[in-house]
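Structural overview
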Number of protein chains: 2
Amino acid sequence: MSVTIRDIARRVGRSITTVSRALHDYDDVSPETKALVRQVAEEMGYIANKQALGLQKRRSDAIGLILPTFGPRFSDPFYSEFIAGVGKKASQFERDLVVSAYPPGEQEIQAYRQLVQSRRVDGFVIVRVRAVDERIDLLRQRGVPFVAFGRTRAAQDYPFVDEDGASGMRQVVDHLVALGHRKLAFIAPPENLNFTHLRLQGFHAACQAHGLEIRTEWLREGDLTQRGGFEQAQALLSLDDPPTAILAGNDLTAFGVMSAVQEHGLQVGKDISVTGFDDIPMAEHSHPPLTTVHQPIYTIGNMVCEMLIDLIDGRLNGMPQTVLDPQLIVRSSSGPPP
Amino acid sequence: MSVTIRDIARRVGRSITTVSRALHDYDDVSPETKALVRQVAEEMGYIANKQALGLQKRRSDAIGLILPTFGPRFSDPFYSEFIAGVGKKASQFERDLVVSAYPPGEQEIQAYRQLVQSRRVDGFVIVRVRAVDERIDLLRQRGVPFVAFGRTRAAQDYPFVDEDGASGMRQVVDHLVALGHRKLAFIAPPENLNFTHLRLQGFHAACQAHGLEIRTEWLREGDLTQRGGFEQAQALLSLDDPPTAILAGNDLTAFGVMSAVQEHGLQVGKDISVTGFDDIPMAEHSHPPLTTVHQPIYTIGNMVCEMLIDLIDGRLNGMPQTVLDPQLIVRSSSGPPP
DNA sequence: CTTGACAACCAAAACGTTTTGGTTTATTGT
DNA sequence: ACAATAAACCAAAACGTTTTGGTTGTCAAG
């Protein structure tokens with residue numbers, strides 16, 4: 001059906017070896033032949049069959065990304081931005097991106113195994129790292145190249161990019177304390193996600209540094225969704241002694257918090273301050289605009305992908321690990337306490 | 001490195017032909033041999049090399065999805081939900097999903113050509129169909145299987161799933177008119193997207209049916225972003241005779257509109273009504289919750305994917321075309337005019 | 001005994017590349 | 001004139017699978 005190297009060989013009256021070598025610019029092909037081969041290839045619209053190529057070279061020029069989906073539906077703006085970042089960089093390097101979606105579990109692990117063993121992909125980008133992460137164990141054990149976005153709690157001797165969650169939280173606390181707040185509540189991400197640990201740690205450290213009291217009823221666990229933020233905030237607001245600022249584990253949660261606050265007839269940024277974490281594009285346009293910590297997700301996608309490709313191509317000797325310092329973005333959801 | 005069919009053959013003392021046929025349950029292999037082969041395959045952790053398989057069978061068992069990204073960043077919750085829907089269904093059929101991201105243009109078209117010619121994918125899911133769409137022309141001309149989410153304005157003799165945008169808009173207008181509104185503004189999606197046409201058409205038809213005046217200054221074009229909604233709404237609100245309801249072309253736009261309204265010191269759902277289109281999960285939790293038209297994106301992803309696989313496998317003779325009737329979800333961003 | 005049918009197996013070709021290890025022809029140095 | 005070198009080319013093997021078109025041995029029927 002489609003044109004192969006053999007068709008070109010026939011047309012130019014050379015062997016397929018010569019055609020292949022001409023196309024790859026080997027120097028045992030005469031300049032005339034090279035030019036001819038290239039012209040004919042162009043004319044015939046030749047594009048190499050990647051499966052044949054992969055079979056011979058024992059690689060696929062593709063990278064894998066399995067989205068951990070929680071629940072039946074999922075709609076996390078984080079993913080689309082991250083995918084775009086990874087995908088863009090991948091295509092710059094002429095790699096394809098193979099995406100699957102599985103909830104964490106046995107099937108998910110099986111999918112990793114399949115994809116690598118069936119030679120579909122050369123390596124993986126791992127996202128939403130768990131506190132103890134089976135995927136990382138599997139890939140490390142098999143020697144499959146991968147780069148993770150995030151760190152596990154335990155062993156960290158693998159390549160990753162991560163943001164310094166502790167620093168991010170510290171910046172938020174510093175900001176609120178500078179405004180005059182002393183009563184801070186924190187709706188943390190779920191315990192089993194690795195970055196929870198870092199953010200909590202930053203929160204605690206900063207509170208301690210400022211000599212703030214941390215009440216256990218002000219420390220709650222959300223689930224990264226708007227609904228979760230809404231519910232936790234309602235609980236916080238009906239306390240006898242409610243906090244003057246609510247720090248959310250991510251922006252979605254913060255939006256939920258703002259809804260709850262407004263439903264209580266309070267004004268965000270005046271009666272009570274709310275902060276997020278991630279700085280998704282929507283944060284700039286919420287009402288009021290959200291004070292949050294900027295995480296350059298698109299850029300992180302780029303970095304992770306590039307590191308992975310370097311790793312696959314053997315351009316990397318050490319174990320690349322990058323920690324980005326996130327930046328506090330102050331908007332009007334935070335203000336001095338009443 | 002990894003275990004091949006040849007390794008199994010050696011272990012069980014049969015030819016590779018027999019092993020292959022045993023694994024595929026051909027009936028010229030004795031039950032004993034089949035059992036033995038399967039057991040050994042299991043033990044050795046055999047997983048077929050997809051590249052070799054694809055080379056021989058001339059297919060890849062993968063489907064392609066190229067995201068049209070507008071601008072450098074992009075964060076459209078629509079995509080993550082759609083990808084999850086397509087990806088999930090694909091994995092149920094044991095297909096992989098190859099995702100790329102390109103802005104519309106020459107490079108994008110080239111990517112389609114590459115992916116199909118290099119045998120990376122067996123067919124495509126096309127998303128965000130344009131009013132006149134080069135991608136569809138290319139694939140049709142080459143006889144590559146594809147299913148689109150959306151319809152082009154012109155020829156519609158190809159497989160697609162779409163929602164009935166006209167009906168959706170009609171429901172919105174009916175709802176608002178029932179509440180007592182007579183002055184409706186519409187911030188439409190960009191002109192070059194196909195569904196714009198249908199939604200505008202529905203808007204016009206419904207307005208006419210109710211004998212409403214359609215002023216040109218109330219008819220504006222947005223860009224599907226929050227920022228766009230914000231800007232267009234500001235313009236609408238500063239008119240001498242502003243509308244009492246603003247209909248947005250999608251939810252993101254509606255969020256921008258709500259911000260602008262609130263910034264003008266007006267209350268959404270009381271002083272002015274705002275509606276969206278899509279019903280992204282966030283719509284339920286915005287402040288106030290958004291009246292919008294529900295589009296089951298995840299389900300549409302599923303349908304599109306399944307149709308495509310049927311098409312690839314030749315299980316489909318006709319030309320499947322499905323139009324879904326979307327459903328109006330009334331929340332508190334819409335109410336009677338003051 | 002043959003013959004035919006059937007069960008169980010297998011060698012070789014094919015898919016489209018790249019790589020290996022050549023061969024042939026022309027050119028150069030002595 | 002001859003060997004050595006260089007330039008341009010190529011046949012065959014390999015990657016891991018499925019498919020094609022067999023072969024071999026056994027058994028029942030004639």
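Going by the structure above, here's the rest.
What you are looking at is a predicted structure, and each value in this text was computed from that prediction instead of being measured.

Of the transformation superimposing chain A on chain B, the axial component is 0.1 Å and the angular component is 180°, with the fit at an RMSD of 0.1 Å. Seen this way, the second copy is the image of the first under a two-fold rotation axis. Comparing interface residues between copies, 100% of those in chain A also sit at the interface in chain B, which points to an isologous, same-surface contact.

In this complex, chain A contributes 58 residues to the contact, which on the side of chain B involves 58 residues. The interface formed by chain A and chain B includes four salt bridges. Close ionic contact of B:Arg120 with A:Asp96 constitutes a salt bridge, the shortest N to O distance being 2.2 Å. There are 13 residue pairs in polar contact (both at pLDDT 80 or more) connecting chain A and chain B. Broken down by element, the residue count for the side of chain A that touches chain B peaks at eight residues, all from helix 5 (residues 77–92) of chain A. Class assignment for the residues of the side of chain A that touches chain B results in 24 nonpolar, 19 polar and 15 charged.

The next thing to look at is the pairing of strand 4 (residues 146–149) of chain A. Regular strands place side chains that alternate from one sheet face to the opposite one. All names here are of chain A. The side-chain alternation of strand 4 yields two buried faces, one formed by Phe-146 and Ala-148 and the other by Val-147 and Phe-149. Strand direction decides the pairing type here: strand 3 (residues 123–126) and strand 4, joined by three bridges, are parallel. Bridge pairing links Phe-124 to Phe-146 in strand 4. Handedness of the crossover joining strand 3 and strand 4 through helix 7 (residues 134–142) is recorded here as right-handed. Strand direction decides the pairing type here: strand 4 and strand 5 (residues 160–163), joined by two bridges, are parallel. Its bridge partner being in strand 5, Ala-148 is matched across the sheet by Phe-160.

Turning our attention to the pairing of strand 1 (residues 62–68) of chain B. Residues and elements named next belong to chain B. By the criterion of burial, strand 1 is predominantly enclosed, with seven of the seven residues buried. The two faces of strand 1 match: Ala-62, Gly-64, Ile-66 and Pro-68 on one face and Ile-63, Leu-65 and Leu-67 on the other face are all buried. Relative to strand 2 (residues 96–102), strand 1 runs parallel, the two being bridged by seven bridges. Across the sheet, Ile-66 pairs through a bridge with Ser-100, a residue of strand 2. In the sheet, strand 1 pairs with strand 3 (residues 123–126) via three bridges, with the strands oriented parallel. The partner of Ile-63 across the bridge, within strand 3, is Gly-123.

Calculation notes
- Residues numbered from 1 in each chain as written.
- Chains lettered and ligands numbered in written order.
- Predicted model: local features only at pLDDT ≥ 70, side-chain atom pairs only at ≥ 80, totals over all residues.
- Heavy atoms only, no water.
- Least-squares fit on C-alpha atoms with pLDDT ≥ 70 in both.
- Contact = heavy atoms within 4.5 Å.
- Salt bridge = Lys/Arg side-chain N within 4 Å of Asp/Glu carboxyl O.
- Polar contact = N/O pair within 3.5 Å; in protein donor to acceptor, adjacent residues only side chain to side chain.
- Helix = DSSP H or I, 4+ residues; strand = E, 2+ residues; numbered from the N terminus.
- Nonpolar A, V, L, I, M, F, W, Y, C, P; charged D, E, K, R; others polar.
- Buried < 20%, exposed > 50% of the residue type's maximum accessible area, 1.4 Å probe, protein only.
- Pairing = 2+ DSSP bridges.
- Right-handed = clockwise from strand over helix to strand, strands pointing away.

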